[in-house]
Amino acid sequence: MHIPQALTIAGSDSGGGAGIQADLKTFQELGVYGMSVITAITAQNTAGVQGVYPIELEGVVTQLHSIGDDLQPAAIKTGMLFSADIIHEVAIAVRQYQWNTLVIDPVMVAKGGSVLLQQQAIQALIRELLPLAAVITPNVPEAELLTGSTIHTLKEREQAARQLVQMGARAAVIKGGHDTSTPQAMDVLFDGKQFHYVEYPRVDTPHTHGTGCTYSAAMTAELAKGNGLLQAVQTAKAFVHAAIEDGLGIGSVHGPTNHFAYRQRRAVR
Ligand SMILES: Nc1ncnc2c1ncn2[C@@H]1O[C@H](COP(=O)(O)OP(=O)(O)O)[C@@H](O)[C@H]1O
Ligand SMILES: Cc1ncc(COP(=O)(O)O)c(N)n1
């Protein structure tokens with residue numbers, strides 16, 4: 001039996017809603033064997049981030065080699081990378097092991113405002129990792145930092161997606177979760193040739209902890225199965241929308257999404 005395999009390189013979220021935990025749950029739900037390289041431990045819950053503890057560089061490098069020397073992930077995603085040094089080592093491993101199907105979720109700041117990527121690491125992300133990306137999935141504030149442009153309109157989002165491809169990514173998805181001015185949560189995909197618009201109605205909920213991680217992990221899982229990018233983005237959007245809509249009501253503040261929802265809905269159909 002062939003089981004598609006995927007790797008996440010990201011931070012641990014003790015609360016289980018974002019980071020490595022969200023990624024592995026999403027891989028599993030979509031029928032993909034998940035592996036992880038942990039870059040940092042966060043002490044985190046639905047109220048916020050109480051602490052960030054980066055893994056020492058040698059520990060990250062050894063994990064990368066443990067995977068690359070033995071296992072063959074068909075798709076890889078990055079989430080919280082924290083420092084320029086970690087980004088540098090990840091870029092070396094991606095090239096060494098020819099991890100060509102790379103999804104970059106350029107995680108910078110947690111929803112509560114805690115820093116998950118050091119300021120000086122943004123340039124390393126742009127210079128070293130972005131040119132290796134099959135797709136990069138920033139939200140609007142992240143896209144603004146990466147491109148140096150302000151983004152308000154749809155035209156500006158399209159321009160930012162095009163710019164990220166000019167900067168070396170093979171494709172870019174600019175997410176619309178932060179734009180509460182429209183009733184639709186619309187994401188813009190530029191695949192290097194064309195724009196595609198993937199949208200679902202915005203859900204009025206405070207429980208969106210880990211949406212970006214879950215979305216990019218679902219995309220990675222679908223790419224690991226051999227699906228094309230547009231199909232992977234469409235399935236990921238359906239997965240994250242179900243996860244937001246059927247929120248679990250766990251914790252006291254910004255709860256996690258429901259990683260079971262997509263599979264449970266398909267089972268009852
Ligand atoms: N309230 C919401 N209702 C429906 N979809 C949402 C909502 N918030 C975010 N999304 C969707 O979830 C995915 C993750 O986006 P976003 O929350 O913007 O990422 P991030 O966690 O990086 O800020 C996107 O597809 C976005 O459109
Ligand atoms: C370890 C870790 N990684 C990523 C996020 C971003 O989460 P969100 O998807 O809610 O922006 C997080 N809060 N913690």
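Residues numbered from 1 in each chain as written. Chains lettered and ligands numbered in written order. Predicted model: local features only at pLDDT ≥ 70, side-chain atom pairs only at ≥ 80, totals over all residues. Heavy atoms only, no water.

(A) Layout of the overall build of the chain. The secondary structure content of the chain amounts to 9 helices and 9 strands. Projected onto its principal axes, the C-alpha coordinates of the chain cover approximately 45 × 40 × 35 Å. Out of the 269 residues belonging to the chain, those deemed buried represent 54%. Long-range pairs, those at least 24 residues apart, make up 67% of the contacts in the chain between residues at least 6 apart in sequence. A total accessible area of about 11800 Å² is found for the chain, and carbon and sulfur atoms account for 52% of it. Of note, the chain has its 18 positive side-chain charges centred 7 Å away from the centre of its 23 negative side-chain charges. (Helix = DSSP H or I, 4+ residues; strand = E, 2+ residues; numbered from the N terminus. Buried < 20%, exposed > 50% of the residue type's maximum accessible area, 1.4 Å probe, protein only. Contact = heavy atoms within 4.5 Å. Areas by Shrake-Rupley, 256 points an atom, 1.4 Å probe, with all protein chains shown as cover. Lys, Arg positive; Asp, Glu negative; His and termini not counted. Charge placed at Lys NZ, Arg CZ, Asp CG, Glu CD.)

(B) Region of the structure containing empty space enclosed by the protein. According to the stated counting rule, one finds 1 cavity of 30 Å³ or more in the structure shown. Each pocket or cavity is described by its volume, and for the largest cavity that value is around 40 Å³. The wall of the largest cavity is formed by T78, G79, L81, I104, D105, P106, V107, L117 and L125. Here the residues of the lining of the largest cavity are counted per class, giving 6 nonpolar, 2 polar and 1 charged. (1 Å grid on protein atoms, 1.4 Å probe; cavity = no way out; pocket = protein on both sides within 12 Å on 5 of 7 lines; lining within 4 Å. Points joined across faces, edges and corners; volume = space filled by probe spheres on them. Nonpolar A, V, L, I, M, F, W, Y, C, P; charged D, E, K, R; others polar.)

(C) Layout of unusual backbone geometry. A positive phi angle, close to 70°, is found at F82, a residue other than glycine. Along the chain, the position of F82 falls in the loop between β4 (75–78) and α3 (84–96). The buried category is assigned to F82, whose relative accessible area is 13%. Its identity is not glycine, yet Q98 carries a phi of approximately 55°, on the positive side. Positionally, Q98 belongs in the loop between α3 and β5 (102–104).

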